[in-house]
Structure formats: C-alpha cells, structure tokens
Amino acid sequence: MLFHSSIFILGFLPVCLTGFFTLGHVAGAAGALVWLTAASLVFYGWWNPAFLPLLIGSVLVNHAIALKIRHSPAPRFWVTVGVVLNLAVLGWFKYADFLLHIIDPTAPPLGVTLPLAISFFTFQQIMVLVDTARTAASPDRHGPVCPGRLSPNVARARGHAFLPYAAFVTFFPHLIAGPIVRGAEIIPQLTAPRFARPCGDNLAEGLLIFLLGLGKKCVLADMFGGFADTGFGAAGRGIDLTFFEAWYATLSYALQIYFDFSGYSDMAIGLARMLNVRFPLNFDSPYQAANIADFWRRWHITLGAFLRDYLYIPLGGSRVGRLRQAANLMATMLLAGLWHGAGWNFVIWGGLHGLFLVVHRAYRRLFPPLPAPLGQLLTLAAVILAWVPFRAASLPETLIVFRGLFGFSGIALPQMIVSAFPPLAAVATPVAVMPSLGDARTLSFPEVSACLLLGWFIVLALPNIHRMTERSRHWALTASFALSMQAVLFAPHVAPFLYFQF
C-alpha cells in the first residue's frame, strides 16, 4: 500500500486513526498498540501477504534474541547469532542472484523475490540487538506527549516488552522505507502514559507535514521522474544522448530522487506525528551542503547515522592511522552502495562517494577551506555526477550518459530555439526535435528547462519544510494541494517510491 494512493488516504488512514484512538480510550495503550500492530501488518501484507510470515518471524526471533542478550552471561555470543541470522536472511533474498552471477556468470538466476522493506526492518532490529548488548536494560520511563520534544532520557531506555517492540518494528509509517529509527527513540514514546489519546496539535501538524510530503512526491518527483526516464531509457536502448539530453536527464533524476525520498520521509514523519510519535529529521536541504561530508550529514540522515555508529566507528573510525581511516571510509560507502541494491552500479556509486570523502578529508588536512559558494558548487557537481551510475541499469548505459554529459555525442538544440537566438548555431546543431528529452515536442526543451529552474530553485534557495515558517508552509500547501489531489484521484497509475526497490 502506497502513502500517496487513494486507498491509503481515503480508506486505510482514517480507519487506522479512528480505531487507534477509540481503542486507546476504551482499552488503554495496550489495546491501541494491538490495533496499531495489526493495522501495520495489514499495510505490509497489502503488497504480498506471502511475506507476512517473514516479517512476523523476524520480529519473534529478534525479540527472543534480545531477551537472551539481556539475561545471558555471554551477550556477545547472542549478538553475533542475531546479526548473522539477520544478515543471512537479508543476503539470501537480496544478494543471492548477484553473488551467484559473480561466481558463475552463465548460471540461470534463482528467481528469489525481494520482500518489501527487508533492508529497513533488518537494519532496525540489528540496531536493537547491538544497543541491547551495549547497555544494561532499564525501565522505560520517558516519552514525549502532546506536544513536545524528545526527552534526552529517551535514548537511555533499553528493555522492551514484546508488544511495544512488535509495534515499533512493524510501525507502518517507517516500515517500508524508513526513516531508520532506533528502538530507544521510539519504544518509550509507544509506552508513554498519554500515547493513545488524541492530540489536536499533533494531528494538525502531522497532517500538514504529510500533505506537503505528498506534494513533493506527486507534483514534483513524478514530474521530474518522467523527464529522467526518457533520457535514461534512451541510453538503456543504446541511443546516444546529446549534451542537453544527457544533462537534463541527469539533473531531472537528481531532483526526482530528492523529492521522492524526502517526500516519503516527510509523509512518514507526518503520519507518525498524527499517532503521537516523533521521528527524527531525515533530510536537511542536502543539495545546499558546503562539502561532501556535510552532504552526508544532511542526506538520508538516519542511514548516515546507522553507517557511522554501527559500521564506520566499529571498524576503527577516525581513531586509527590515515590509511586505515581511508580504508574504513571506502568500506563503509561501498557497503552503503551495496545496501541500496545488488548491482555493480550501486557499488560504483558507493565507491565514488567513498572516494569523495577520502579526498575531502585529505584536502581538509592540507589546505584551507574553499570559499563557501565554490565548495557548494563542487559538492553539488560531484553528487549529481555520481547519480548517473546509481540510476543507470548497466555500465554501457552509464557510459552513454557520461559521453553525453561531456559533449562527446554532440550538442543539439531545437531549430526554433536556434532561430530565436542565432549565436547558438556556433555551438549547437539545429534539430527538429530532441527525441530523448521530454516528450520530443518542439516545446519540450523550454518546458523542461523551466521545470528544472523551478526545481533547483526550490532545493538550493528555499528552506526545507521543517525549517519553514508556519506561514510559508501554508503557502506551499496552497500551491500544491490541488495538483496533489488530482494526482491521487485521477492519475492513470500510481508511481511507487524509488526507495521501495532498495
């Protein structure tokens, strides 16, 4: 079930909220948690009920292992068992065909279907197991109620009963594509005294954030996705892209993935807020980053925190020699790339970001910082270019796009544009239409140009919705609401979120 589908907005969400608060009033927090867990399982099983036993089994096994860790004299053994089991299940479903192809390129694929959200619920439960081993269990005393901020004591909560744990793992706002949240952040909120009581401020604030995220997805991400699909689709068929076709496809994809995933995260944050749960921020205007390290502090923040705390630091982090630091960074980012998908294109993307981080760290040691505008420009260029192998389906497709980006496949512009600005004839070949840009009409070039200018103005010059004033948020909602509802109610198909495939 998709957050931006009519069945979710008009059916599942109102039924879920009504049942949650009704049972909270009648049966207390325990009844509300049972309802929330059941609703989340329905939400997950809507895609394919066959994988519900996998999710339920994962919750049962991991909770049992967490109990063993808390009460065993050898907690490291049980942590190892839990992490190995989780990674084995994830590896089978996500990487079996990829590894088989590496071992034997001629072997037929195993045909293993990737369960929805397995990367996310696996990582979150690994975090619970590791955190449980790191600290002794303590009773849950804290959790924010309406309204308020996360208590600093929430992070110290550790021991979890089964029902709150199951509700945390299956909690539908973050189940499918994050944010990747820690049990110590969320479970104390699920056991707070007033958790299941309706709060007008949380409902209003959550609905506003949800609708703004819906606009990001339906109005912006899907529009830029159409432009990106045209260019990358042509490259996938072996068609050379001219300079503007390659750049417009790449710039469109950079906007598509940002608006798509940050829109999903905003919708998840809004849904959780309506249910009196506060999620951490997952995107903080990443394309405005001053350097590549700053980019990773702003892009998919919860994934970056997971990689830092559960991979980079355990490998030694920055506490070791410079060569080892560089190796740790490369290993972390290569695994981050592989986490996104079982394919060499994702490994290349992770390797590029690892290289960027290593170069940035070396530059910072040897030279003074770059002027802020130049640092931001270089960071943005590196991030955009790295999106090419991430989006491309194969290495040949990647090379076709890169040839176009650097002008090796020529520069072409519509005849109408060249006639209006004759000096352009010195650098561009006039053509009737540009077949790999937009819908290949004469007006596609100015149309896509205007959309790209708007999109990049939004991400580079405006604050994100969590830093907007209340007045700005309402103006943004007013501008996007009608188009969002049109997309939800009348679009010929519902485009899934990009991160559903990861």
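The model shown is predicted, which means the values in this text are computed figures rather than measured ones. (Residues numbered from 1 in each chain as written. Predicted model: local features only at pLDDT ≥ 70, side-chain atom pairs only at ≥ 80, totals over all residues. Heavy atoms only, no water.)

**Structural notes on the packing of aromatic side chains**
Consideration 1: Evaluated as defined, the whole model comprises 50 aromatic pairs.
Consideration 2: Seen from their ring centres, Phe123 and Phe306 are 4.4 Å apart, and the 20° between their planes marks the pair as stacked. Taken as a pair, Phe123 in helix α4 (residues 118–134) and Phe306 in helix α11 (residues 301–312) lie far apart in primary sequence, 183 residues in all.
Consideration 3: Given a relative accessible area of 8%, Phe306 falls into the buried group.
Consideration 4: Between Phe283 and Trp299 the ring centres are 5.0 Å apart and the planes differ by 85°, which places this aromatic pair in the edge-to-face class. (Phe/Tyr/Trp six-rings, centres within 6.5 Å; stacked < 30°, edge-to-face > 60°. Helix = DSSP H or I, 4+ residues; strand = E, 2+ residues; numbered from the N terminus. Buried < 20%, exposed > 50% of the residue type's maximum accessible area, 1.4 Å probe, protein only.)

**What to know about the packing of helix α2 (residues 52–71) against helix α5 (residues 162–170)**
Consideration 1: Taken N-terminus to C-terminus, the directions of α2 and α5 make an angle of 135°; their axes are 10 Å apart at the nearest point. For the element pair α2 / α5, the angle class is oblique. The chirality of how α2 crosses α5 is right-handed. Between α2 and α5, the contacting residues are Leu55, Val59, Leu60, Asn62 and His63 on the first element and Phe162, Tyr165, Ala166, Val169 and Thr170 on the second.
Consideration 2: Partitioned by chemical class, the residues of the contact of α2 with α5 number 7 nonpolar, 3 polar and no charged. (Axes fitted to C-alpha atoms, helices over the stretch in contact; angles between N-to-C directions. Parallel < 35°, antiparallel > 145°, perpendicular 65-115°, else oblique. Left-handed = near helix turned anticlockwise from the far one by under 90°. Contact = heavy atoms within 4.5 Å. Nonpolar A, V, L, I, M, F, W, Y, C, P; charged D, E, K, R; others polar.)

**Brief notes about the pattern of salt bridges**
Close approach of charged atoms allows side chains of opposite charge to pair.
Consideration 1: The final tally for this structure, using the stated rule, is 14 salt bridges.
Consideration 2: Among the ionic pairs, Lys216 bridges to Asp266, the shortest N-O distance being 2.7 Å. Note that Lys216 is positioned in helix α8 (residues 200–236) and Asp266 in helix α9 (residues 243–274), a separation of 50 residues in sequence. The pair formed by Lys216 and Asp266 is uniform in burial state, with each residue classed as buried.
Consideration 3: Note that Arg441 and Asp439 form a salt bridge whose closest N and O atoms lie 2.8 Å from each other.
Consideration 4: Its relative accessible area of 47% is what places Asp439 among the partly exposed residues.
Consideration 5: Within the structure, one salt-bridge network assembled from shared partners comprises Arg182, Arg308 and Asp309. (Salt bridge = Lys/Arg side-chain N within 4 Å of Asp/Glu carboxyl O.)

**Re a nonpolar patch on the surface**
Consideration 1: Together, Leu99, Ile102, Ile103, Trp344, Ile348, Leu395 and Leu399 line one region of the surface with nonpolar side chains, adding up to about 730 Å² of accessible area.
Consideration 2: Among the secondary structure elements, those contributing two or more residues to the nonpolar patch are α3 (75–103), α13 (344–366) and α15 (395–405).
Consideration 3: As for its position among the elements, Ile103 is in helix α3.
Consideration 4: The exposure class assigned to Ile103 is exposed, which follows from its relative accessible area of 71%. (Patch = residues over 30% accessible without salt bridge, like charges linked within 9 Å, V, L, I, M, F, W, Y side chains within 5 Å. Areas by Shrake-Rupley, 256 points an atom, 1.4 Å probe, with all protein chains shown as cover.)

**Notes on the environment of Gly410**
Consideration 1: Its location among the elements puts Gly410 in the loop between α15 and β1 (412–414).
Consideration 2: Gly410 sits in the partly exposed class, given a relative accessible area of 28%.
Consideration 3: Separated by 168 residues in the primary sequence, Gly410 and Thr242 place their C-alpha atoms 5.2 Å from one another.
Consideration 4: Ignoring anything within four residues of it in the chain, the contact list for Gly410 reads Thr242 and Phe243.

**Description of the confidence of the model for the protein**
Consideration 1: Confidence in the prediction for the protein averages 90 pLDDT; 93% of positions are at 70 or higher.
Consideration 2: Ignoring residues within four places in sequence, the model shows residues 136–159, a span with pLDDT below 50, making 53 contacts including any to other chains. (pLDDT = per-residue confidence, 0-100.)

**A look at the nonpolar core**
Consideration 1: Residues Phe3, Phe8, Phe172, Tyr287, Trp387 and Trp456 are the most contacted members of the largest nonpolar core, which totals 145 residues.
Consideration 2: Aside from chain neighbours lying at most four places away, what touches Trp456 is Leu251, Ala254, Leu255, Tyr287, Leu380, Ile384 and Ala461. (Core = buried A, V, L, I, M, F, W, Y, C linked by side-chain atoms within 4.5 Å.)

**Concerning unusual backbone geometry**
Consideration 1: Each neighbour pair has its own omega, and for Gly178 with Pro179 the value is 5°, a cis peptide bond.
Consideration 2: Among the secondary structure elements, Pro179 is positioned in the loop between α6 (172–175) and α7 (183–190).
Consideration 3: We note that Ser285 has phi near 50°; this positive angle belongs to a residue other than glycine.
Consideration 4: With respect to the helices and strands, Ser285 occurs in the loop between α9 and α10 (292–298).

**Looking at helix α17 (residues 444–461)**
The periodicity of an α-helix, 3.6 residues per turn, causes residues three or four positions apart to be oriented the same way.
Consideration 1: Between its terminal C-alpha atoms α17 stretches 25 Å, which fits the 26 Å expected from 18 residues at 1.5 Å a residue.
Consideration 2: Taken residue by residue, α17 has Ser444, Phe445, Val448, Ser449, Cys451, Leu452, Gly455, Trp456 and Val459 as its buried positions.
Consideration 3: For α17, the elements touching its buried residues are α8, α9, α14 (372–391), β1 and α16 (415–420). (Expected span 1.5 Å × (residues − 1).)

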